[in-house]
Structure formats: structure tokens, C-alpha cells
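Here is how the chains run, residue by residue.
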Amino acid sequence: MSKRLSIFWLILPLLLASCSKEVWHKNIKSEDFATLDRILLIALLAGLFIWVCYHFISKCLIPYFASTRSRSHHLWRWVENHLTSLFYIAWGFGFMTYFIGSFVGDTIWAQLMSVLSSAPMSAVYATGMFIGQSDISAVHTPMHNNPIYMAMFGLSHLFAVLVSLCFVFKHMGYHIIARYRLEIELAKQNKYKNIYVFWGVNDASIKLAESTVAYEKTHGCENSLVMFVKTPLEEDYDEEKTLRFGRFLNFVSIKDKEQKKLEGLEQCIVISTFHKLSKLELHNSSSEDVLGEHLKLSALAKIIDRLSDTSDSESNDGVHFFFLGEDRDANINATLNLVKDVHIRKYQAHIYCQARHRARTAWMEHYHLLHPEERTYIHVIDTAILSVMHLKSTVEHHPVNYVKWENKGEFHKGIPSSQFNSLVIGFNETGVEGLMFLYEFGTFVDETACRMQGNYVVMDRDVTNLSGGFYAKAPALHYNKEIRFVGCSINDEQYWKEITDLTPTLNYVIISAGDDNIGINTAVNICQIVHKDIRRDRTNRLSVFVRSYDMDNYHRIRQVAEDVNRLYAKENISIEVFGHVEQIFTYDMIVNNKILKEAKLYNYMYEGANGTIEEAWKTVLGLKDNPKDYTITDIEEIGRKKDQSVCNSLHKASKNFILHKYDEFDNPSDLLRTRLAQLEHERWIAYSKLNGWQILPHAQRKGKTKDVKHKLHTDICHWNDIRAWSKDEQEDTHSYDYRVVDVSVMLEKANSNIK
């Protein structure tokens with residue numbers, strides 16, 4: 001049927017042209033338009049144009065709107081998707097209009113020459129229509145008096161201009177709207193409680209902005225503002241070529257991918273700067289107008305000056321800057337330059353810098369301690385740590401779920417009946433954090449209060465160099481028999497041999513390959529090998545955790561994981577995707593820092609303190625009034641105490657899991673309570689060793705229990721050997737571990753009552 005209609009629309013103009021020959025002769029002089037051949041040519045072009053329009057409407061336009069629920073809402077989206085086709089149609093319409101108007105000739109030869117001369121000029125005139133050019137002089141005078149032709153002439157130019165406007169709006173419209181929103185915002189003279197400024201448009205900033213907007217809406221915070229600063233790419237940056245047209249177009253336009261990401265953010269303001277904050281060469285002055293003078297972002301500076309200065313150190317209000325790009329060096333440099341800005345120094349400012357927790361970024365986390373007068377807090381966003389932090393904060397992912405708990409009698413309570421066996425593939429940043437998590441949270445004790453031997457295998461082709469760095473930071477683990485490094489890649493024969501040897505008892509796998517495709521392929525292969533291994537006890541639980549790196553691949557690899565999980569559901573085999581952008585970059589994880597807040601509450605309960613939670617936190621950390629009084633040892637000790645409280649808070653779920661296993665959560669027996677206290681002591685030892693601490697020999701004690709500078713502690717020993725020189729001191733030290741167990745129970749009961 002469609003083919004017949006197409007032929008009909010193609011032939012119809014020819015028939016009409018033949019039947020209306022006399023009409024055309026009456027309207028046009030014979031010497032200009034006298035032959036039937038010309039009439040047929042015009043009709044053929046008109047028929048071709050109608051045929052193209054018919055197919056476009058029937059194949060694209062009608063099916064689209066027939067399947068669209070909200071036609072008005074999706075009209076612009078449809079225009080965007082078919083803008084190229086609309087351009088071709090408009091150009092063809094214009095070409096046909098000019099070609100008909102300039103075509104002359106009474107003989108075949110004259111007509112052929114007219115085609116050769118008119119066609120190129122018609123193409124030029126048709127192209128010029130898109131920039132508003134119109135040349136009626138190119139059309140023969142007799143056609144000026146033909147109403148049908150002149151209507152076609154006007155419509156073709158109008159159609160072309162509309163297509164041009166759609167093109168301009170597609171590439172610059174979001175910027176225009178954002179600029180309009182900015183002017184409206186400046187005119188309102190509002191006071192803001194929070195301003196969120198995202199430097200650059202990427203997956204991390206978009207997801208965090210979406211989460212932030214959702215949080216603000218949920219909590220009724222209307223006096224907040226979300227802004228994006230569009231900056232040039234690092235690889236394209238050239239200070240001497242700032243004013244090139246291509247660079248200008250890059251800033252005033254929003255790429256399709258960026259625009260789709262930003263469209264979901266209501267009332268989001270986008271501003272642009274030609275300068276890279278990370279590339280600025282500022283003077284040694286500690287205070288400069290970085291935003292206004294150097295970056296030419298005076299509008300942003302004005303908005304910041306409208307902050308309600310009611311924030312204090314206990315709140316999280318103020319201006320928030322996010323540097324979440326993949327270039328960590330650029331993020332660090334941008335942070336270093338931004339802290340010198342005079343505008344943010346007036347208010348409480350939080351700067352979130354995506355970087356790795358290393359020696360060169362240590363100054364960031366403690367910037368507020370060394371410069372309290374500035375009220376600037378710098379937060380290092382380490383995606384490797386946050387990825388593994390998700391595993392720590394989810395009790396279902398704790399090793400306590402991957403060992404067997406059998407009731408073998410009263411004396412064996414709190415002791416797993418199976419060994420915990422794990423594998424880490426890829427000893428990069430995530431792999432290191434993963435091993436540390438498994439070794440610490442995989443702590444269990446036996447009947448003698450000794451740490452139960454686990455199996456922690458690490459595979460990487462560059463393991464020799466990487467393991468050296470690990471042992472340099474954790475020398476006490478150098479001769480540990482539980483951790484074993486294997487130097488191989490996933491294609492080596494040794495790799496397959498190791499996998500085959502591990503599969504019968506393997507419980508936990510973390511894959512941090514640095515590549516999504518390699519990671520998910522490795523995970524599926526491991527599941528297949530374990531499934532086929534006849535030696536494996538099907539009651540053993542195995543989970544393979546794959547780190548996701550690229551947001552574009554996340555949904556695909558998650559679908560693969562879900563399919564595998566359905567196939568192996570009855571065999572206790574599963575694949576979990578972790579560390580993806582949607583999981584890490586949330587308001588609770590980054591801005592609200594929910595994990596740290598829970599750690600502060602844990603510390604408050606543990607200390608049995610009076611006053612506020614923040615006051616108790618400052619007391620336990622040993623914060624000082626004068627920043628000049630801090631030494632590097634003091635700073636390191638503050639970090640250790642902070643991390644220890646976080647670990648205590650996160651590990652409470654494992655302790656409560658064991659209590660629930662033996663139905664003693666409400667009223668723990670002395671035996672199980674003691675065993676959990678012993679477990680907590682061994683977990684603390686594991687944490688201490690992973691962070692470089694070693695036992696302080698009795699001969700070097702000299703009345704001290706620890707040497708913070710050299711990371712030595714007397715209590716890194718067996719439960720029964722803790723401060724054995726004094727029974728009172730030993731019992732007092734044991735009470736710390738008992739207190740950890742009791743607080744863990746108290747907090748879960750409190751959370752249950754709230755729910």
C-alpha cells in the first residue's frame with residue numbers, strides 16, 4: 001500500500017501539470033515559459049519534493065507523535081532528533097524554488113544550458129536562506145506576479161530561517177536560558193543558605209547535583225542554589241588562543257550529552273569562563289579576587305556575597321565547590337588557587353576535591369585546623385576509598401556473611417566453623433583498599449582468643465613493586481602467612497591454576513581491573529569455573545564484586561551481573577557491581593558525610609559525654625585552639641582517631657550479626673560478649689597493623705603505652721597479654737573492647753526504636 005501511495009504522489013503533479021497547461025500559459029508569458037517540457041520538469045521536481053515530505057511525515061512524524069503521550073512536551077525533542085532531515089528538506093525546497101524561478105529556454109539546448117547555469121546558483125541561494133539572505137532579483141520578473149510562486153518563495157525562506165533558529169537554540173539555547181535564570185536570580189536579591197558550585201560538567205558532578213537537589217527538596221530547603229561552571233578542557237586549553245571562534249562556540253554551546261544531563265536539574269544555572277582555575281599563576285598573596293578578577297566570574301562572586309552568614313562549624317551550610325574531574329592534579333591546583341579567593345573567605349566554605357589520599361594531599365584534610373580563621377574545609381574525594389566504603393557500610397557485604405555459623409555448643413559461640421577465603425584481582429588503589437577492608441573486617445577469633453587464619457590472595461602482574469609499597473606502609477604484616485601475593489595477569493597459566501586451586505572454598509572476590517569490560521568478563525569466568533568445580537561445597541557462599549569505572553558501561557555490566565545471578569541463584573554464586581558513579585556521588589556520601597556523622601554519634605555514645613556531639617568529637621580528637629601548636633604527629637593522631645571511630649561505627653553491624661545468629665542480641669551472655677570483645681581487640685590490631693603500627697617492646701616502654709611518633713603500641717598483642725604487668729590496667733583496657741560491643745548493641749536498638 002505504501003509503495004502505491006508513493007507512486008501516486010509522484011505521478012499526481014505530472015497529471016495536474018498536463019491538465020493545467022492553459023492556466024500556466026495565461027499567467028506567464030510564452031517566451032519565458034512556453035513549453036510543456038518545462039511544465040513537466042517543474043511538476044517532476046514538485047512531485048519529488050512532495051514524495052520526500054510524504055515519506056518523512058509518514059515514516060518519522062506520524063509514528064513519533066502517535067506513540068508520544070505528551071506531544072507538546074516532546075515536540076522539541078523530536079525537532080532536535082530530526083534537525084538534519086529538516087535541513088535537507090528546507091534546502092531542497094529552497095533549491096527547487098530558485099531553480100524554477102531562474103529556469104528559461106525554448107529549445108532543448110537552451111533548457112540544458114539553463115539547467116547547468118541555474119542549478120549551481122540555486123544551490124548557493126538555497127544555502128544563503130539559512131542565514132536570512134533573500135535575492136528576488138535572481139528570479140525572472142514574470143514570476144514576481146505569480147501568487148503561487150511567490151507564496152512558495154516566502155515559505156521556503158521562512159522554513160529555512162526556522163530551521164536555523166532551531167539549530168541555534170539547540171546548541172546555544174541552554175546557555176541562553178541559563179543566562180536568563182542567572183539574571184533573574186541576581187535581580188531577586190535573595191539570601192542563600194547553601195550555594196553548590198560544580199566546576200565542570202561530567203557524570204560525577206551531574207549525579208551529585210541531582211542527589212543534592214533531591215535532598216534539598218525533601219528537606220524543604222528552598223533558599224539553596226545549584227550552579228555549574230563550564231570550563232575549557234585541559235587538553236584544549238591555550239591561554240594565547242582564548243578568543244578563537246571555535247573556543248567561543250564551545251563555551252556558548254552545550255553538547256548534546258551535557259545538555260541531556262543538565263535538563264533533569266530544575267533551575268540549574270550554567271555560567272562559563274575562558275580561564276582554567278587550575279592554570280592560574282597567582283601571586284604569593286594569600287588573598288586575591290580569584291573569581292572576579294582572574295576568572296571573570298563576577299556574577300558568581302555577587303551570588304556568593306548573598307550567603308546568609310549564620311553557619312557555624314557544627315553545620316554544613318555555606319558555599320560548596322566541587323572539583324570532580326578525572327584530572328586529579330588539575331583538581332588539586334584548582335583547590336590551591338580557590339582558597340586564596342577573598343569572597344569565599346568571608347563565609348564558611350567547603351571544597352570537595354577528587355584526588356587520592358596521599359602525602360601530597362594530607363594538607364587538604366587538615367586545612368581548617370591550620371587556618372581556622374578562614375572557615376574553609378577541604379574534603380578529599382577518593383573514589384577508591386568511597387567504593388570500598390560502600391562495602392563497609394552494607395552489612396550484607398561484610399565477611400561475617402560469608403563464613404558458616406554452626407551451633408556446636410556453648411563453648412563455640414561466636415566462632416565460625418569455616419575459614420574466610422578471599423581473592424583480590426588488581427592491586428591498584430581500589431584493590432589496596434579492598435584488601436585492607438577484607439583483612440580488618442575478616443577478623444574472627446577461636447577458643448583461645450587468637451585470630452583465626454584467613455586466606456587473602458592478591459593477583460596483579462606488577463605485584464612485586466606494588467606489594468613492596470604495601471609492606472612499607474604495613475611492616476608488621478610483612479611475614480604474615482594469611483596474605484599472599486601472586487604475580488600474574490588474567491591470561492597467564494599461573495592465573496588459571498591459582499583460580500582452580502581457590503574455587504572449592506572461595507568466598508569473596510574483589511575485581512579492580514581498571515576496565516569495565518575486563519572486570520565483568522573476569523567475574524563471569526570465575527563464576528563459571530566455580531559452578532563447574534565438583535569439589536565445591538554448594539552451601540559455601542561466593543560473591544564476586546566488580547568495580548565499575550565508566551558510567552556509560554554501568555547499566556550494561558549490571559545487566560550482565562543480574563543475568564548471571566539468576567542462573568546461579570541456587571548455587572550461592574553472585575556478581576555485585578560496586579563503586580559506580582551513582583553509588584559514590586550522592587549527597588549523603590559526599591556533602592552530608594553520613595558515615596562520619598554516624599562515627600561522631602558512636603564516639604559520643606562510647607565516651608558517655610555530656611554536651612553536644614561536636615564538642616565530644618573535638619575533645620576525643622584533641623583539637624587545639626592555637627593552630628601553631630600542632631605538630632605533624634598531632635595531625636596524624638587526629639586522623640587515626642577519626643578513622644578508628646569510623647571503623648568502630650561500621651563494624652558494629654558485624655558484631656550485631658553474630659549476636660542475632662545466636663539469638664542473644666537483647667541479652668548477650670558473658671561468654672559471647674567476651675568473645676566479641678576479643679574479636680574487637682583483634683580487629684583493632686588488624687587496623688593498626690594495616691596503618692603501620694607495631695608492638696612497643698616492654699623494654700622500650702619507659703612508662704608509656706604507645707609511641708605515636710614511631711607508631712608503636714603495647715596493646716598490639718594477644719588478649720591475655722594486654723598490660724600483663726598490672727591486672728587493674730589489663731581489666732581497664734579490656735573494658736574498652738567490652739564498651740565497643742555494648743555501644744554497638746545500644747545504637748542498633750536505638751535505630752530499631754526510631755524505625
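Details of the structure are given in the entry above.
All residue numbers refer to position in the chain's written sequence, counted from 1. Where totals are concerned, whole chains, interfaces and linings use all residues; where local detail is concerned, this predicted model gives features only for residues with pLDDT of at least 70, and gives and counts side-chain atom pairs only at 80 or more. The basis for every side-chain value is the complete set of heavy atoms in the structure, and neither hydrogens nor water enter the calculation.

Caption draft 1: Main features of the packing of helix α17 (residues 383-392) against helix α18 (residues 429-441). Each axis is a line fitted through C-alpha atoms, and for a helix only the stretch in contact is used; angles between axes span 0 to 180 degrees, taken between their N-to-C directions. In this description a helix means any DSSP run of H or I spanning at least four residues, a strand means any run of E spanning at least two, and both kinds are numbered starting from the N terminus. Two elements in contact, α17 and α18, have axes whose closest approach is 8 Å; the angle formed by their N-to-C orientations is 30°. The angle between the axes of α17 and α18 places the two elements in the roughly parallel class. Seen along the crossing, α17 lies across α18 with a hand that is right-handed. Across from Ala384, Ile385, Val388, Leu391 and Lys392 in α17, the residues of α18 making contact are Glu429, Thr430, Glu433, Gly434, Phe437 and Phe441. Its residues assigned to classes, the contact of α17 with α18 shows six nonpolar, two polar and three charged. Roughly parallel refers to an angle under 35 degrees, roughly antiparallel to one over 145, roughly perpendicular to one between 65 and 115, and oblique to any angle outside these ranges. Each crossing gets its hand from how the near helix is turned against the far one by less than a right angle, where anticlockwise is left-handed and clockwise is right-handed. When checking whether two residues touch, look at their non-hydrogen atoms; a contact exists if any pair is within 4.5 Å. Residues are grouped as follows: Ala, Val, Leu, Ile, Met, Phe, Trp, Tyr, Cys and Pro are nonpolar; Asp, Glu, Lys and Arg are charged; every other residue, Gly included, is polar.

Caption draft 2: Looking closely at the packing of helix α20 (residues 493-502) against helix α21 (residues 516-532). Where α20 meets α21, the axes come as close as 10 Å, and the angle between the chain directions of the two elements is 50°. Between α20 and α21, the crossing angle belongs to the class labelled oblique. Note on packing geometry: the crossing formed by α20 with α21 is right-handed. Along its contact with α20, which presents Tyr495, Trp496 and Ile499, the element α21 presents Thr522, Asn525, Ile526 and Ile529. Residues of the contact of α20 with α21, tallied by class, amount to five nonpolar, two polar and no charged.

Caption draft 3: Looking closely at the sheet that holds strand β4 (residues 318-323). Two strands pair if DSSP finds at least two bridges between them. The strand order β3-β2-β1-β4-β5-β6 describes an open sheet built from six strands, whose pairing is parallel. Two strands bound the open sheet, and with one partner strand each, they are β3 (269-272) and β6 (376-381). Adjacent strand axes in the sheet meet at a mean angle of 20°, parallel and antiparallel pairs treated alike. Pairing of strand β1 (residues 194-199) with strand β2 (residues 224-230) involves six bridges; the strand directions are parallel. Residue tryptophan 199 lies in a different strand from β2, and its bridge partner there is valine 229. Packed onto the sheet, helix α14 (residues 328-338) meets β4, β5 (349-354) and β6 and runs at close to 160° relative to β5.

Caption draft 4: Focus on the environment of isoleucine 685. Following the sequence through the fold, isoleucine 685 ends up in helix α28 (residues 670-690). Sequence separation of isoleucine 685 and cysteine 717 is 32 residues, and the distance between their C-alpha atoms is 7.8 Å.

Caption draft 5: Inspection of the pattern of salt bridges at higher detail. Definition used for salt bridges: Asp or Glu carboxyl oxygen within 4 Å of a side-chain nitrogen of Lys or Arg. Applying the stated criterion across every chain, the model contains 27 salt bridges. The residue arginine 558 makes a salt bridge to glutamate 562 at a minimum N-O spacing of 4.0 Å. You can see arginine 558 and its partner glutamate 562 sitting in helix α22 (residues 551-567), four residues apart, about one turn around the helix. A simple rule labels every residue: compare its accessible area, found with a 1.4 Å probe on the protein chains alone, to the largest value its type can have, and call it buried under 20%, exposed over 50%, or partly exposed in between. Judged by relative accessible area, which is 34%, glutamate 562 ranks as partly exposed. Close ionic contact of arginine 673 with aspartate 742 constitutes a salt bridge, the shortest N to O distance being 2.8 Å.

Caption draft 6: Representation of the sheet that holds strand β11 (residues 542-547). Across the sheet, six strands lie side by side as β9-β8-β7-β10-β11-β12; this open sheet has parallel pairing. Edge positions in the sheet fall to β9 (483-487) and β12 (573-578), since each of these pairs with one other strand and no more. Each neighbouring strand pair of the sheet contributes to a mean axis angle of 15°, computed without reference to strand direction. Across four bridges, the pairing between strand β10 (residues 508-511) and β11 is parallel. The residue of β11 that forms the bridge with isoleucine 510 is phenylalanine 545.

Caption draft 7: Representation of α18 within the structure. To estimate the expected span of a helix, count its residues, drop one, and scale the result by 1.5 Å. The terminal C-alpha atoms of α18, which comprises 13 residues, lie 18 Å apart, in line with the 18 Å expected from a rise of 1.5 Å per residue. Counted residue by residue, α18 has 12 buried out of 13 residues, so it is predominantly covered. Residues of α18 that are buried: Thr430, Gly431, Val432, Glu433, Gly434, Leu435, Met436, Phe437, Leu438, Tyr439, Glu440 and Phe441. N or O atoms within 3.5 Å of each other form a polar contact, as long as, within protein, one can give a hydrogen and the other can take it, and as long as residues adjacent in sequence are counted only when both atoms are side-chain atoms. N-capping of α18 is provided by asparagine 428, with a side-chain oxygen placed 3.3 Å from the backbone N of threonine 430.

Caption draft 8: Region of the structure containing the environment of serine 387. Tracing the sequence through the fold places serine 387 in helix α17. Residues serine 387 and valine 581, spaced 194 residues apart in sequence, show a C-alpha to C-alpha distance of 9.3 Å. Among residues more than four places away in sequence, those in contact with serine 387 are Arg547, Phe578, Gly579 and Ile584. Among the polar contacts made by the side chain of serine 387, one reaches the main-chain carbonyl oxygen of threonine 383 at a distance of 2.6 Å. A distance of 3.3 Å separates the side chain of serine 387 from the side chain of arginine 547, its partner in a polar contact.

Caption draft 9: Representation of a negative patch on the surface in the model. Taken together, the side chains of Asp728, Glu729, Glu731 and Asp732 define an acidic patch exposed on the protein surface. Summarising the element assignment, glutamate 731 is placed in helix α29 (residues 727-754). Residues enter patches when their relative accessible area tops 30% and they take part in no salt bridge; the joining distance is 9 Å for like charges and 5 Å for the nonpolar side chains Val, Leu, Ile, Met, Phe, Trp and Tyr. We get accessible surface area from the Shrake-Rupley algorithm with a probe of 1.4 Å; when it comes to residues, only the shown protein chains can shield them. Within this scheme the basic residues Lys and Arg register as positive and the acidic residues Asp and Glu register as negative, but His and the chain ends are omitted. Charge positions come from single atoms, namely NZ of Lys, CZ of Arg, CG of Asp or CD of Glu.

Caption draft 10: Just α20, in detail. Here α20 has its buried residues at Tyr495, Glu498, Ile499 and Leu502. The buried residues of α20 occupy an angular sector of 100° when the element is viewed end-on, so they sit on one face. For α20, the exposed residues lying more than 90 degrees away from the buried face are Glu493 and Lys497. The directions from the helix axis to the C-beta atoms form the arc being described.

Caption draft 11: How the structure looks around the environment of phenylalanine 657. With respect to the element layout, phenylalanine 657 can be found in helix α27 (residues 632-661). Taking the C-alpha atoms as reference points, phenylalanine 657 and histidine 398, separated by 259 residues in sequence, lie 9.9 Å from one another. Apart from residues lying up to four places away in sequence, phenylalanine 657 is in contact with Val400, Asn401 and Trp405.

Caption draft 12: Fine view of the nonpolar core. For the purposes of this section, nonpolar cores are sets of buried Ala, Val, Leu, Ile, Met, Phe, Trp, Tyr and Cys residues that join through side-chain atoms within 4.5 Å. In terms of nonpolar packing, the biggest core is built from 90 residues, with Phe228, Phe470 and Ile590 touching the most fellow members. Among all residues touching phenylalanine 228, those that are not within four sequence positions of it are Phe198, Gly200, Val201, Ser205, Ile206, Ala209, Leu262, Leu265, Cys268, Ile269, Val270 and Ile271. One finds Leu182, Ile271, Ala299 and Ile332 within the second-largest nonpolar core, a separate group that totals 41 residues.

Caption draft 13: Examining the packing of aromatic side chains more closely. Any two rings among Phe, Tyr and Trp, with Trp reduced to its six-membered ring, count as a pair given centres within 6.5 Å; such a pair is stacked if its planes are under 30 degrees apart, edge-to-face if over 60, and tilted if neither. Here the structure, examined in full by the defined rule, presents 30 aromatic pairs. Where tryptophan 199 meets phenylalanine 321, the ring centres are 6.2 Å apart and the plane angle is 50°; that geometry is what we call tilted. One end of the pair, tryptophan 199, is in strand β1; the other, phenylalanine 321, is in strand β4, with 122 residues separating them in the sequence. On the basis of relative accessibility, which here comes to 0%, the residue phenylalanine 321 falls in the buried class. Among the aromatic residues, those joined into a ring-pair cluster are Tyr402, Phe420, Phe437, Tyr439, Phe441, Tyr456, Tyr508, Phe545 and Phe578. For a lysine, the NZ atom is tested; for an arginine, the CZ atom; a charge sits over a ring if that atom is within 6 Å of the ring centre and within 35 degrees of the ring normal. The ring of phenylalanine 411 has arginine 675 sitting right over it, with the charged end atom 5.5 Å from the ring centre. Taking the ring centre of phenylalanine 665 as reference, the NZ or CZ of lysine 749 above it sits at 5.7 Å.

Honestly, that's just the spatial picture; any functional story needs more than this.
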